Every structure is written in C-alpha cells, then in structure tokens.
Amino acid sequence: MGSRASTLLREEEIEEIKKETGFSHSQITRLYSRFSSLDKGENGTLSREDFQRIPELAINPLGDRIINAFFPESEDQVNFRGFMRTLAHFRPIEDNEKNKDHTASEPLNSRTNKLLFAFRLYDLDRDDKISRDELLQVLRMMVGVNISDEQLGSIADRTIQEADQNGDSSISFNEFIKVLEKVDVEQKMSIRFLH
Amino acid sequence: MEDPWGTALALFQVWISVLLCLVMLPAMFGLSLGVTGVYIQILVQILEWATLRIQRGRKEKTSVPIPLPNGIIHRDGGSMAQEMLEVRGSRPGGDFTLGDVFYFYKKGMESLVDDQVTQCFSSEELASWNLLTRTNQNFRYISLRLTVIWGVGVFVRYCLLFPLRITLATISFTWLVISTTLVGFLPETSAKHWLSEVAHLMFYRICARGLSATIRYHNKCNRPKKGGICVANHTTPIDIIILANDRCYAMVGQVHGGLMGVIQRSMVRSCPHVWFERTEMKDRNTVTNRLREHVTCEDKLPILIFPEGTCINNTSVMMFKKGSFEIGGTIYPVAIKYDPRFGDAFWNSAKYNMVSYLLRTMTSWAIVVNVWYLPPMTRLEDASQFAQRVKSAIALKGGLIDMAWDGGLKRARVKDSLKEEQQKMYSSMIRKTNSQLIPDLSPNSLLTLDVDIGLIY
C-alpha cells in the first residue's frame, strides 16, 4: 500500500538529492510527483516538448532559455537528478545557511550561484563573457517586434558601457556581479517552496 | 451434466427478475427504494473513520509525507511593472537593466514547478485517502484494520457491484434501442412525445442506478425549458446522464459508427436530436444555423451543450467557447459538482479511453453529484463577454475556480499571440523614460484557440 510516486524513488536517492540540493524530504517527493506528471512518455526523463506543454512557460518570452538551462550541452533528455539540480538554484537562502563558513563547497542556491545561473542564461557560448550579440539576442526575445533594431542596439551599447570596466566591450561575470550588487538577488531569484 | 447448467440458468433468471422489479419498475415511475441512500450513508461513515485513522497514523509516524492541497510553492502576486521597479531600484528612467530578466526567469520556474493549467487536466488530488487503490498517491500503510477494510472494499466493488452495474448497463441500452424504435413507429401526436420522454427518462434513470448515482438537484424552478439552450461545465460523458435524469434534452453531436451509431439512430426516431455529419462539423455556419433552427422552434426540447469543449477535472471551469452563445435564445446555465470522495468522475481522455474509463467508474464506490440550476440569462453584450458572464456564474455557484485559459490546451499548443502580449508589455516599460505602473494584463484577454461551439461528441 505504498505511495506510487515515491516507490520509484529510492530512499538513498532522496538522501543524495537532499545533500546535493538542500531540499527537504517532502519537497523532493512533491517535486518528484510533478516531474512524473510532466513525463508523458513515462520513461523517467523529460524532453523539451514536455516543458513546452506548460502553457504559462510557453508564453514566457524567455521560456526557451529557461528550458535550455535544464539540458546540459547537446543532450535532449533530463532525468530527475538534473531537474532537481537546476531547480535548486531557485531555492531560497535560509537564515542558517547565510553565515556558514565556506569550507564545504558552495550550496547551489547561494547568491553567487544564482547570479552565475542568470549569467549563463545570457552567455550561450560559455566563453564567460556576455558579448553585444548575446545581449541583443536576449533583448530581442524580451521585446519581440515592438522595438527597432537601432533602438535595441543603443540600449545594448549603453548597458555594456555602464557595466564594462576593463574595456573589452563585453560583460564578464565579475562585472555582472558588480552591476547587480544592490539588487536583492536572493528574493528575485528564489521561489518560495512550501514545506 | 444437466444439473449445473440448469441451476445456473435458474439463478440467472432469478437475478434478472429481481433486477427488473427492484430497479426498472421504480425507474419507470421515478421512484427510489432508498437502497442507494443507505449505501451512501454507510460509505460516508466508513470514509470518515478511515480519515481519522489516517490522521492519527500520520501523527504517530512522522516520516509519512503529508499531501499538500495548496500546491508546492507560494507565488508572490507582484505584477511585471512592480517587479521591474524593484530590480531597477533608484535608477533614473525606466531603462533596461541586466536584472530585468530575473522576473521572467522566476515566473518561468514557478510555472514549471506548479502551474494552473496542466493540473486541470489530471484528477483532483484528495486530502485523505478514500480506500480506492487508484487514488493512493501519497498514502502509506497505516494499520491492519484499514487494510482489511480496503480489502473488503475491493471485494464489494469488483465482485458485487461491478457485475450488477454491467447487467444494468446492458439492460438499459437494450431498453433504449427497443423502446425508441417502437415509439418511432407512432404517428406525430402529443402521446408520442410523452412516450418518447418516458422511454428516454427510463433509460437515464436505469443508467444512474447502475452507477449508484445520488443526484441532488437544486433550484428546480430554474430547470431548462423548451426552446432554450442548456450549458454546463463538463467533467465526464456521464454529465449527460446526470442532467437527463431530470428532464429530456435534445442532444447535439457527431454521427458515430458502431454501437454509438445504433443508439443515435434509434434515439432520433422518437424525438428530434441534432446529429451532424463529420463534414458538416467543419462549417461553423451550418452548425450555427441548424442549432438556431432547432432553438427557434418553441416546442422542441432544449439543447444541451458543453461550451468548454473538453473534459476538465471539476476543480475549475475553463474558457467557454463563444460559438454556443451566438445562436440566440435563452441560456439556462447549470453547475455540476461531483463529490470526489466516492470516485473520480473526471475522464482523462489523454490517459484512458472510453472503455477503461467506464470500467473504472463502475468499480468506484458511487457517484455523488450536486446539480444547481441557475436563473436563465440572455445576451446583452457581445458573445465572448456573455460567455464569460455565464462561466463566472456557473463557477461561483458550483464552488469551482473561474479560469480564463482555454480547455483546448489539453491537446494543442498555446497561441503565440499570448507571448507577444507579454513582450509588448515589457517593451512599453523600457520605451518610456518615466516608469509608470502599468496594470498587469491578466489572461482574460486571451484569444481563443478555435472559435467553435463547444463539445460536440
């Protein structure tokens, strides 16, 4: 008479995911039911189409970028571990984690890792720089057809000018962090999971 | 060798005659022997006991996860404009910043984890287990007594109730075909109409008995009258049986082959239903005109239409297609709400075909349903706003969530125009030099996927 969803998810796996991502036991089982309900093919992995089926995600202008974040280089399927690892970036930072010393590796949902996640959504070619083209691509996705190329170009140029400190006409990760140092990243890039 | 067959035959005859007396005769007169009522009461007692037992078990064993009826996450309600303002902080003007993307990422992730729409297309999750294996999502072994009761339940449902229900279903369909064909031979008199109504009502009543259905009708004074259109929220094909137990409706649908076709042809012999050929269905005008013809004839039965276009899981009402509201005539809205404790009535047509759905329904405990007749409405505004008004009234009465999303999203992709709306809204935020708060566009202005009438089977 066990629950259907978590008999497929072994206790050891749940423990491993808990250690890696910091989610609680019940959150992991809840997210596993969500994963299973999205997995229409019932083969334990999700494809891009499974994500596209969510209407609210499909109409999000940056929906495709978000979906891509789940699929590491050139793979087409993501399993539950990968799903949780990506979601973990959006776990809120708890108070008892804020003052931990960083002898252990940094948790996935630290401020730096959240910013790195956002940075990687801009920086598609993974050269650790947001070039003018990459910035333009994201801008174009967000505004659609409503702003002309020249205007968009000038917005991109201005953004790079303000952020760029070493004069290479692109934004490195450190420059990215500097621009956003006053922004409450912890709140903006966190989802409030219920326990 | 003769003996076993003889006794089997005799038993069978006894069985059939018992059924005939106890079920069919009362159905003819619309009476009830009260057996179903007693059964439901016993069930409620058992389920309440089971709920308490499970709750006690959860307190003792804290490792058992509790199902979360409120969803996995808590969403902040901020609009796009508010969020952008917070990210941009004290920057002058409303220009783009690198942090603007956070809003979209967060919203995207939230919808990935828990969205309103996809959960409408799967069965409602119960707060407490109702002793059916199929709803056993997150419930673990609690006690021996519970397991024994569950075992008894399995025996009762599969070995006692299921054969009974199958027999009743067969009897009812045979009755329908025979009686409507016979009535069809009569000349067009008021006696014929009355007999046809009796024949149809009997069929639906036997079906309802067959499913152990307890139907409570509220506000019978608002019952749909002749020459009107009845609209209701759609959860399952059994909705038709539920509604037609009270009065006769003219059905609207596609012409099918096979068994359904036989039933359709015999039904139409005794009273005018509206069946469309496949080719006619594609032409919206033909459909609308034929329905309009039917409606303007004052003494024809009211048409039954389900404007959502597909089965939804009875927690919310999705967008009503405006086609049905352009026909004219008086609209009689009806709200239908099933009690999920006794069995999951929702037909998940993506997961189960009709036959497995019927088998699952026949092996559930029962069907307990509340039907509210709402006061009639007529069109004063344009069709889509009228549809919205009717939908809100139905959602309010039935205690369902009023959703603006299209039920067609069960199978089709969402339209690109919705993404374009979001892009437009964001663009207006970076074009203005002074950031003003722009009201967030709710999905109420969503365009429809296909502007058609609604559900035509």
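Each chain has its residues counted from 1, running along the sequence as written. By the order in which they are written, chains take letters starting at A while ligands take numbers starting at 1. This being a predicted model, a pLDDT of at least 70 is required before a residue's local features are given, and a value of 80 or more before pairs of side-chain atoms are given or counted; all residues contribute to the totals for chains, interfaces and linings. Each side-chain value is worked out from all heavy atoms of the structure, with water and hydrogens disregarded.

Colleague: Could you clarify how one ought to interpret the overall build of chain A in this entry?
Modeller: Scanning chain A from N- to C-terminus turns up 13 helices and 3 strands. The C-alpha extent of chain A, read off along each of the three principal axes, is 65 × 40 × 25 Å. Classification of the 195 residues of chain A by burial places 50% in the buried group. By the convention used here, residues are in contact when the closest approach between their heavy atoms is within 4.5 Å. Counted over contacts in chain A with a minimum sequence separation of 6, partners at least 24 positions apart contribute 56%. Positive charges come from Lys and Arg alone, negative charges from Asp and Glu alone, with His and the N- and C-terminal ends not counted. The atom standing in for a charge is NZ when the residue is Lys, CZ when it is Arg, CG when it is Asp and CD when it is Glu. Between the mean site of the 27 positive side-chain charges and the mean site of the 36 negative ones, chain A shows a separation of 5 Å. Only runs of H or I of at least four residues qualify as helices and only runs of E of at least two qualify as strands under DSSP, and these elements are numbered from the N terminus. Each residue is placed in one exposure class: buried if its accessible area under a 1.4 Å probe, protein chains only, is under 20% of its type's maximum, exposed if it is over 50%, and partly exposed if it falls in between.

Colleague: Would you explain the overall build of chain B in this entry?
Modeller: Scanning chain B from terminus to terminus reveals 13 helices and 10 strands. Per-residue burial for chain B yields a buried fraction of 50% across its 457 residues. When contacts within chain B are restricted to residue pairs at least 6 apart in sequence, those whose partners lie at least 24 apart make up 79%. Taken as a whole, chain B presents about 21,600 Å² of accessible surface, with 61% of it coming from carbon and sulfur. Surface accessibility in these figures is a Shrake-Rupley result with a 1.4 Å probe; residues are shielded only by whichever protein chains are displayed.

Colleague: Sorry if this is basic, but what is going on with the UniProt feature "domain: EF-hand" (unreviewed entry) in chain A here?
Modeller: All names here are of chain A. UniProt positions are given in the numbering used here, feature names are shortened, and annotations may be inferred rather than shown by experiment. Within the UniProt annotation, "domain: EF-hand" (unreviewed entry) is assigned to residues 26-61, 110-145 and 151-186. In this annotation, residues 110-145 is assigned 67% helix and 6% strand; the end-to-end C-alpha distance for the span is 36 Å. Counting secondary structure, residues 151-186 comes out at 61% helix and 6% strand; the distance between its end C-alpha atoms is 31 Å.

Colleague: What exactly am I supposed to notice about the packing of helix α3 (residues 25-38) of chain A against helix α4 (residues 101-113) of chain B here?
Modeller: Helices that pack against each other are described as a pair by the angle of their axes relative to one another and the distance between those axes. Axes here refer to lines fitted to C-alpha atoms; in helices the fit is confined to the stretch in contact. Angles between the N-to-C directions go from 0 to 180 degrees. Two numbers describe how α3(A) lies on α4(B): the axes approach to 9 Å, and their chain directions differ by 85 degrees. Here α3(A) is positioned roughly perpendicular relative to α4(B), judged by the angle of their axes. Across from A:Leu31, A:Arg34 and A:Leu38 in α3(A), the residues of α4(B) making contact are B:Ser111, B:Leu112 and B:Val113. Gly counts as polar in this scheme, as do all residues outside two lists: the nonpolar Ala, Val, Leu, Ile, Met, Phe, Trp, Tyr, Cys and Pro, and the charged Asp, Glu, Lys and Arg. Of the residues that constitute the contact of α3(A) with α4(B), the class distribution is 4 nonpolar, 1 polar and 1 charged. Under this scheme an angle from 65 to 115 degrees is roughly perpendicular, one under 35 degrees roughly parallel, and one over 145 degrees roughly antiparallel; angles in between are oblique.

Colleague: Just checking my understanding: could you explain helix α10 (residues 132-143) of chain A for this structure?
Modeller: Three- or four-residue spacings in an α-helix give side chains the same orientation, since the helix completes a turn every 3.6 residues. For a helix, the expected span equals 1.5 Å multiplied by the number of residues minus one. End to end, α10(A) covers 16 Å across 12 residues, agreeing with the expected 16 Å (1.5 Å per residue, within 8%). Of all the positions in α10(A), only A:Glu134, A:Leu135, A:Leu136, A:Val138, A:Leu139, A:Met141, A:Met142 and A:Val143 are classed as buried.

Colleague: Can you help me understand the pattern of salt bridges in this one?
Modeller: If the charged atoms of two oppositely charged side chains come close together, the side chains can form a pair. Within this document, salt bridges are pairs made up of a side-chain nitrogen of Lys or Arg and a carboxyl oxygen of Asp or Glu, the two lying within 4 Å of each other. The tally for this structure, following the rule as stated, stands at 21 salt bridges over all chains. In this structure, the salt-bridge partner of A:Arg132 is A:Asp157, at a minimum N-O distance of 2.7 Å. In this pair, A:Arg132 sits in helix α10 while A:Asp157 sits in helix α11 (residues 149-163), placing the two residues 25 residues apart along the sequence. A:Asp157 gets classed as partly exposed once you look at its relative accessible area, which sits at 37%. In this structure, B:Asp402 and B:Lys391 form a salt bridge, with 2.5 Å as the shortest nitrogen-oxygen distance. In this pair, B:Asp402 sits in strand β10 (residues 401-402) while B:Lys391 sits in helix α12 (residues 383-398), placing the two residues 11 residues apart along the sequence. Where salt bridges share partners, they join A:Glu16, A:Glu20, A:Arg81 and A:Arg85 into one cluster.

Colleague: What am I meant to see in unusual backbone geometry here?
Modeller: A negative phi holds for most residues other than glycine; trans holds for most peptide bonds. For A:Arg126, which is not glycine, the phi torsion reads 55 degrees and is therefore positive. Here A:Arg126 shows up in the loop between α9 (111-122) and β1 (129-130). Despite not being glycine, B:Asn219 has its phi angle at roughly 55 degrees, a positive value. Examined against the element boundaries, B:Asn219 turns out to sit in the loop between β2 (213-218) and β3 (229-232). For B:Asn219, a relative accessible area of 33% translates into the label partly exposed.

Colleague: Sorry if this is basic, but what is going on with the interface of chain B and chain A here?
Modeller: Where the parts come together, the accessible area they lose is often given as the size of the interface. Of the residues lining the interface, 61 residues belong to chain B; the matching set on chain A comes to 66 residues. Interface area, chain B with chain A, both sides summed: about 5,900 Å², of which 64% is carbon and sulfur. A 1.4 Å probe defines the accessible area here, and the buried area is the portion of it lost by two parts on being joined, summed over both. Together, B:Leu98, B:Tyr105 and B:Leu112 form the three largest contributors to the area buried by chain B at its contact with chain A, with a combined 14%. One can count 1 salt bridge joining chain B with chain A. Polar contacts, as used here, are pairs of N or O atoms within 3.5 Å; protein pairs need one atom able to donate a hydrogen and one able to accept it. Residues neighboring in sequence count only if both atoms are side-chain atoms. One can count 13 residue pairs in polar contact (both at pLDDT 80 or more) joining chain B with chain A. Where the side of chain B that touches chain A is concerned, the elements lending two or more residues are β1 (73-74), α3 (80-88), α4 and α13 (416-431) of chain B. For the side of chain B that touches chain A, the element with the highest residue contribution is α4(B), accounting for 12 residues. Along the lines of polarity and charge, the residues of the side of chain B that touches chain A split into 25 nonpolar, 17 polar and 19 charged.

Colleague: Explain the sheet that holds β3(B) to me, please; I cannot follow it from the model alone.
Modeller: Each strand in a sheet pairs with its neighbour through backbone hydrogen bonds, running either in the same direction (parallel) or in the opposite one (antiparallel). Residue and element names in this part refer to chain B. Within the open sheet, the 5 strands sit side by side as β2-β9-β8-β3-β6. Their pairing is mixed. Strands at the two margins of the open sheet, each flanked by one partner only, are β2 and β6 (303-305). Along the sheet, successive strands turn relative to each other by an average axial angle of 25 degrees, direction set aside. A pair of strands is treated as paired once DSSP finds two or more bridges between them. The pairing of β2 with strand β9 (residues 367-373) spans 6 bridges and is parallel.

Colleague: Sorry, what's going on with the UniProt feature "domain: Phospholipid/glycerol acyltransferase" (unreviewed entry) in chain B here?
Modeller: Under the present numbering, the feature "domain: Phospholipid/glycerol acyltransferase" (unreviewed entry) in UniProt falls on residues 228-339 of chain B. The annotated region residues 228-339 of chain B carries 34% helix and 21% strand content, and the separation between its end C-alpha atoms amounts to 28 Å.

Colleague: Help me understand the packing of α3(A) against helix α7 (residues 80-87) of chain A in this model?
Modeller: Residues and elements named next belong to chain A. Look at α3 against α7: their axes get within 11 Å of each other, and the N-to-C directions meet at 120 degrees. Here the hand of the crossing between α3 and α7 comes out right-handed. Residue-level inspection shows Ile28, Leu31, Tyr32 and Phe35 of α3 in contact with α7, the latter providing Phe80, Phe83, Met84 and Leu87. Residues of the contact of α3 with α7, tallied by class, amount to 8 nonpolar, no polar and no charged. Each crossing gets its hand from how the near helix is turned against the far one by less than a right angle, where anticlockwise is left-handed and clockwise is right-handed.

Colleague: Just checking my understanding: could you explain α11(A) for this structure?
Modeller: Residues and elements named next belong to chain A. Across its 15 residues, α11 extends 21 Å between first and last C-alpha, which sits within 8% of the 21 Å expected from 1.5 Å per residue. By the burial criterion, the buried members of α11 are Leu152, Gly153, Ile155, Ala156, Thr159, Ile160 and Ala163. Buried residues of α11, viewed axially, fall in a sector of 160 degrees; they line one side. Exposed residues on α11 whose side chains face more than 90 degrees from its buried face are Glu150 and Gln161. Read the arc as the range of directions from the helix axis to the C-beta atoms.

Colleague: Would you mind going over the environment of B:Glu197 with me for this structure?
Modeller: Residue and element names in this part refer to chain B. Considering the arrangement of structural elements, one finds Glu197 in helix α6 (residues 190-210). A sequence separation of 76 residues divides Glu197 from His273, and the C-alpha atoms of the two residues are 13 Å apart. Residues within four places of Glu197 in sequence aside, it is in contact with Lys226, Cys248 and Leu301.

Colleague: How should the packing of aromatic side chains be read in this particular structure?
Modeller: Two aromatic rings, drawn from Phe, Tyr or Trp (for Trp, its six-membered ring), form a pair once their centres lie within 6.5 Å of each other, and the interplanar angle then sorts them: stacked below 30 degrees, edge-to-face above 60, tilted otherwise. This model, assessed by the stated rule, comprises 21 aromatic pairs over all chains. On the numbers, 5.3 Å between centres and 65 degrees between planes, the contact of A:Phe119 with A:Phe173 is edge-to-face. Taken together, the residues span a long stretch of sequence, with A:Phe119 in helix α9 and A:Phe173 in helix α12 (residues 173-179) at a distance of 54 residues. Each member of the pair A:Phe119 and A:Phe173 is classed as buried. Three or more aromatic residues link up through ring pairs in this structure, and these residues are A:Tyr32, A:Phe35, A:Phe51, A:Phe70, A:Phe71, A:Phe80 and A:Phe83. The side chain of B:Arg157 reaches across the aromatic face of B:Trp365, ending 5.3 Å from its centre. Charge-over-ring placement is defined geometrically: NZ (Lys) or CZ (Arg) within 6 Å of the ring centre, and within 35 degrees of the ring normal.

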